[in-house]
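# Structural overview for review
Now for the letters of each chain:
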Amino acid sequence: MKLLAQCALLFLSLQLHAQQDPQRHRFITTLMQRMTIGEKIGQLNLLTSDMDVTGPFMKENYKQDILNGACGAIFNAYTPQYTRKLQDMAMQTRLKIPLLFGYDVIHGHKTIFPIPLGEACTWDLALLEKSARIAAEEASADGLHWTFSPMVDIARDPRWGRVAEGVGEDTWYGVQVAKAKVRGYQGTDLSTPNTLLACVKHFALYGAIEAGRDYNTVDMSRRQMYQFYLPPYKAAVEAGVGTVMTSFNEVDGIPATGNHWLMTELLREEWGFKGFVVTDYTAINEMIPHGIVKNEYEAGALALKAGVDMDMQGSVYATQLKKLLDDKKITLQDIDQAVYRVLEAKYKLGLFKDPYRGADSARAKKVIMSTTNLQAAREIAQRSFVLLKNEQQLLPLRKGTKIALIGPLANAQRDMIGNWSAAGDYKQASTLLEALKSRLGDIDYAPGANLSDDRGLLKKLNITDTGRSEDMRKEAVETARKADVVILALGESQGMSGEAASRSDIGLPASQRALLEAVYNTGKPVVLVLMNGRPLTLEWEDAHIPAILETWFPGTQGGYAIADVLFGDYNPAGKITMSFPRNTGQIPIYYNHKNTGRPLDPNNKYTSKYLDVSNEPLYPFGYGLSYTKFTYNNLQLDKKNIRPQEKLRVSVTVENAGDYDGEEVVQLYIQDVTASVNRPVKELRNFRKIMLKKGERREVTFDISVNDLKFYDKNMKYVAEPGAFKVFVGTNSRDVLEGEFSLLP
Ligand code: GLC
């Protein structure tokens, strides 16, 4: 019966393919009829080139595999010359099936933009789409067809190094970013040579790893999945993403890479995904240590049967599928279905018409790191920065102020472009030192400390030990004493965040904290410029340092962008998309939490709280200051009640009551006060980024519809339930004006 159902499903899906594009379908089926089983299996084999290695190990003879028709896709290879050389090899095979070239173009290709967690703080979806578009222009000119991006893993634990690659803790915002990125990479027609096939990852739930420890266990209810973690992947599918990458973790006790419910029943049958699924790096092999299969033979069968089409670097499909087929553990349909999907992607990219897709050095030279692209990188970086504190308007810096620049990240080109910067050339990155010198002429500078004094960590991260911190600190203090204001560039090395870089303590490394305190003790006003890939614990810094600017890893133009903001050429407007905890003990901490049965009551011992720290984060989701001051007044709802077909109009008056023109991200949250499943105390449902000149006042309006009120009810139906709702509008998730309304049946 099951086989009959599968055949029926396959027949239907082939019919659907035929209806969608008869010519494409005819081409692919005709080609497949000519392919041997070895050539078919070759199309499911993705191997890394030796230009860059992004995982535990690499196979040496990938070129021979290409020539033998045993490899259908290569990743970590780029430049027109190199991809042409490898494509030439594919053109020597019997059927001349072109290779697919993939790469981690995560936040830019050669022009590197801020890390995604930084870019998310712009709250500018058009800019997020624009940077993906520029990345696609540059990467496709460099011979690439496919990017392993966007990463949309919702995360509530900043100990995890990969929060750097995502959009933070909010599901609704993650949905918006997922759609913008797929549009940016894929455009409207993948056969256009300046587009990239996108790959939404890591499917699914990777951001929920226990204890923030990379590759660790994930375990959550279906409701939690559907409500908080799955929507961004689904949004990417609905936006037409061409591929999906499996995550390393288990889902419901079965690794995603072998999880039929996830990869077929949910992704394809429920969501209608039509592209192909690629594993993460050797994820099929890793189902053995996961303890779900005994060997690669079983792993290959489980993955293919689950609906996984392409094997990244594991060579399990390459070595096991033929035997599995002979042993009738898998069927020819199982293989054909996967091969069809891969060939369909190649067809959509136009590779059968032009295997080189117009990649040539002249086009690359024209497009890559163009002045326009670099200017865009500078503007996006400026908008990604978050002003966390600015006492007595220490910022923006006034002309004529004698400045000292201190810190191990003041002149750190490699760190400026952050982790997952793939083809980015850090030698092209502007540092803060370079930018300040270019603006001020000379400037007193001292590194002041090692990034860390943990020799073992320095070795692990391949960071040179620049000398004894005490001497460096002494030199820095002397430098500070000669200045009016000290800019301190501190934070993490790019290797302290990203993949396989979880940290159990997410404060500034001790060597840098000692430097900060030594400079603070000189009594000179300090501007702390942070460069880091995650929220940090900054209680001491927040209590002692008058100005703090979060710049993440700001990209190729990062130095100039920071200087632009420090001197007020751009008034910072970034808002964090991940809560900054006061200490690691508060983690996981996120704004859209439940109320619990004993919400905090400071006057009642028996309520939910800690003995030693507040429940509140140091900086809440949506938080970010400006050089000016925005006030919110006069929250108005145009109705007390709405019916499902009606809209509620919410308006608020925002005024720029300060001394600088500036942008503000006006945020709208809702709360479903009582429902069949308890709901968070707040959930972001919209935002407006507005520019107000100083003294200007504007009414900002939002329309709330029943769709904004839906959730997965106790029967897992996605519905809105009648009842009382609250609405909040404000400058972040904490400082809000509140209103209420009811949804009527
Ligand atoms: C890595 C990452 C994944 C990346 C892939 C290819 O292990 O988990 O995000 O796309 O391998 O580099």
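Residues numbered from 1 in each chain as written. Predicted model: local features only at pLDDT ≥ 70, side-chain atom pairs only at ≥ 80, totals over all residues. Heavy atoms only, no water.

### Overview of the overall build of the protein chain
From N to C terminus, the protein chain includes 23 helices and 26 strands. At 27 Å, the protein chain has a C-alpha radius of gyration in line with the 27 Å of a compact globule built from 745 residues. For the protein chain, the spread of C-alpha atoms along the three principal axes comes to 75 × 65 × 45 Å. Among the 745 residues that make up the protein chain, the fraction classed as buried is 61%. Here the protein chain holds 89 positive side-chain charges and 88 negative ones, and the gap between their average locations is 3 Å. (Helix = DSSP H or I, 4+ residues; strand = E, 2+ residues; numbered from the N terminus. Rg over C-alpha atoms; globule rule 2.2 N^0.38 Å. Buried < 20%, exposed > 50% of the residue type's maximum accessible area, 1.4 Å probe, protein only. Lys, Arg positive; Asp, Glu negative; His and termini not counted. Charge placed at Lys NZ, Arg CZ, Asp CG, Glu CD.)

### Details of the sheet that holds strand 2 (residues 73-75)
Strand pairing within a sheet occurs via backbone hydrogen bonds; the two strands may be parallel or antiparallel. Taken in spatial order, the 5 strands of this open sheet run 4-3-2-1-10, and their pairing is parallel. Two strands bound the open sheet, and with one partner strand each, they are strand 4 (146-147) and strand 10 (311-312). Strand direction decides the pairing type here: strand 2 and strand 3 (residues 100-103), joined by 3 bridges, are parallel. Among the inter-strand pairings, Ile-74 is bridged to a residue of strand 3, identified as Phe-101. (Pairing = 2+ DSSP bridges.)

### Some thoughts on the state of the cysteines
Scanning all chains against the criterion turns up 0 disulfides. There is no disulfide at Cys-71, and the cysteine sulfur nearest it, in Cys-199, is 16 Å away. (Disulfide = S-S within 2.5 Å.)

### Concerning the packing of aromatic side chains
Aromatic ring pairs: the centre-centre distance and the angle between the two ring planes describe each pair. Considering all chains together, one arrives at 29 aromatic pairs under this definition. Relative to Trp-261, the ring of Tyr-226 lies with its centre 6.5 Å away and its plane at 55 degrees, an arrangement referred to as tilted. Residue Tyr-226 is located in helix 9 (residues 222-229), and its partner Trp-261 is located in helix 11 (residues 260-270); the two are separated by 35 residues in the primary sequence. Exposure class is identical for Tyr-226 and Trp-261. Each is buried. Taken together, a centroid distance of 4.8 Å and an interplanar angle of 40 degrees make the contact between Tyr-712 and Tyr-718 tilted. Grouped by ring-pair contacts, the aromatic residues Trp-123, Trp-172, Tyr-173, Tyr-591, Phe-621, Tyr-669 and Phe-687 constitute a single cluster. Lying across the ring of Tyr-590, Arg-156 places its NZ or CZ 3.7 Å from the centre. Positioned above the aromatic ring of Trp-261, the side-chain terminus of Arg-222 is 3.5 Å from the ring centre. (Phe/Tyr/Trp six-rings, centres within 6.5 Å; stacked < 30°, edge-to-face > 60°. Lys NZ or Arg CZ within 6 Å of the ring centre and 35° of its normal.)

### Focus: helix 20 (residues 469-481)
Residues that lie three or four places apart on an α-helix share one face, since the helix turns once every 3.6 residues. With 13 residues, helix 20 should reach 18 Å at 1.5 Å per residue; the first-to-last C-alpha distance of 18 Å fits that figure. Among all positions in helix 20, only Ser-469, Met-472, Ala-476, Val-477, Thr-479 and Ala-480 are buried. Relative to the axis of helix 20, the buried residues are bounded by an arc of 160 degrees and lie together on one face. Summarising the geometry of helix 20, the exposed residues directed more than 90 degrees from the buried face are Lys-474 and Arg-481. On its buried face, helix 20 is in contact with strand 12 (403-406), strand 13 (444-446), strand 14 (485-491) and helix 21 (510-520). (Expected span 1.5 Å × (residues − 1). Arc of directions from axis to C-beta. Contact = heavy atoms within 4.5 Å.)

### Here we look at the environment of Val-237
Along the chain, the position of Val-237 falls in helix 10 (residues 231-238). Overall, the relative accessible area of 11% leaves Val-237 in the buried class. Separated by 55 residues in the primary sequence, Val-237 and Val-182 place their C-alpha atoms 9.0 Å from one another. Leave out the neighbours within four places in its chain, and Val-237 touches Leu-267, Trp-271 and Phe-273.

### A short note on the site of the ligand
The immediate surroundings of the ligand are formed by 14 residues, with Thr-54, Asp-104, Arg-162, His-202 and Asp-280 found nearest. For the ligand, an oxygen atom lies 2.5 Å from a polar atom in the side chain of Asp-104. Within the side chain of Glu-499, one N or O atom sits 3.2 Å away from an oxygen atom of the ligand. Protein chains shield 100% of the accessible area of the ligand, which is 310 Å² for the free molecule. A class-by-class count of the residues in the shell around the ligand yields 7 nonpolar, 2 polar and 5 charged. (Near = heavy atom within 4 Å. Polar contact = N/O pair within 3.5 Å; in protein donor to acceptor, adjacent residues only side chain to side chain. Areas by Shrake-Rupley, 256 points an atom, 1.4 Å probe, with all protein chains shown as cover. Nonpolar A, V, L, I, M, F, W, Y, C, P; charged D, E, K, R; others polar.)

### Quick notes on the sheet that holds strand 21 (residues 683-692)
Pairing is mixed in the open sheet, where 5 strands are placed in the order 18-26-25-20-21. Strand pairing shows two members of the sheet lacking a second neighbour, strand 18 (641-642) and strand 21, which therefore form its edges.

### Thoughts on the environment of Arg-685
Along the chain, Arg-685 falls in strand 21. Arg-685 sits 17 residues away from Leu-668 along the chain, and the two C-alpha atoms are 5.8 Å apart. For Arg-685, the residues in contact, after removing those within four places along its chain, are Trp-172, Leu-668, Tyr-669, Ile-670, Asp-708 and Lys-710. Separated by 2.9 Å, the side chain of Arg-685 and the backbone oxygen of Asp-708 make a polar contact.

### Considerations on the pairing of strand 16 (residues 547-550)
Judged by which residues are buried, strand 16 turns out to be covered on both faces: Ala-547 and Leu-549 on one side and Ile-548 and Glu-550 on the other are all buried. Pairing analysis gives 4 bridges linking strand 11 (residues 386-390) to strand 16, with the strands arranged antiparallel. The partner of Asn-390 across the bridge, within strand 16, is Ala-547. The sheet contact formed by strand 15 (residues 526-531) and strand 16 spans 4 bridges and is parallel. Paired with Val-529 across the strands is Leu-549, a residue of strand 16. Read from strand 15 through helix 22 (residues 539-544) to strand 16, the crossover connection turns out right-handed. (Right-handed = clockwise from strand over helix to strand, strands pointing away.)

### Quick word on the nonpolar core
In terms of nonpolar packing, the biggest core is built from 189 residues, with Trp-146, Phe-203 and Leu-566 touching the most fellow members. If sequence neighbours within four positions are ignored, Leu-566 has contacts with Leu-395, Pro-396, Leu-397, Leu-432, Ile-487, Val-527, Val-529, Leu-549 and Tyr-627. Ranked by size, the runner-up nonpolar core spans 23 residues in total, among them Tyr-632, Leu-635, Ile-690 and Leu-743. (Core = buried A, V, L, I, M, F, W, Y, C linked by side-chain atoms within 4.5 Å.)

Don't take any of this as a statement about function, it's just geometry.
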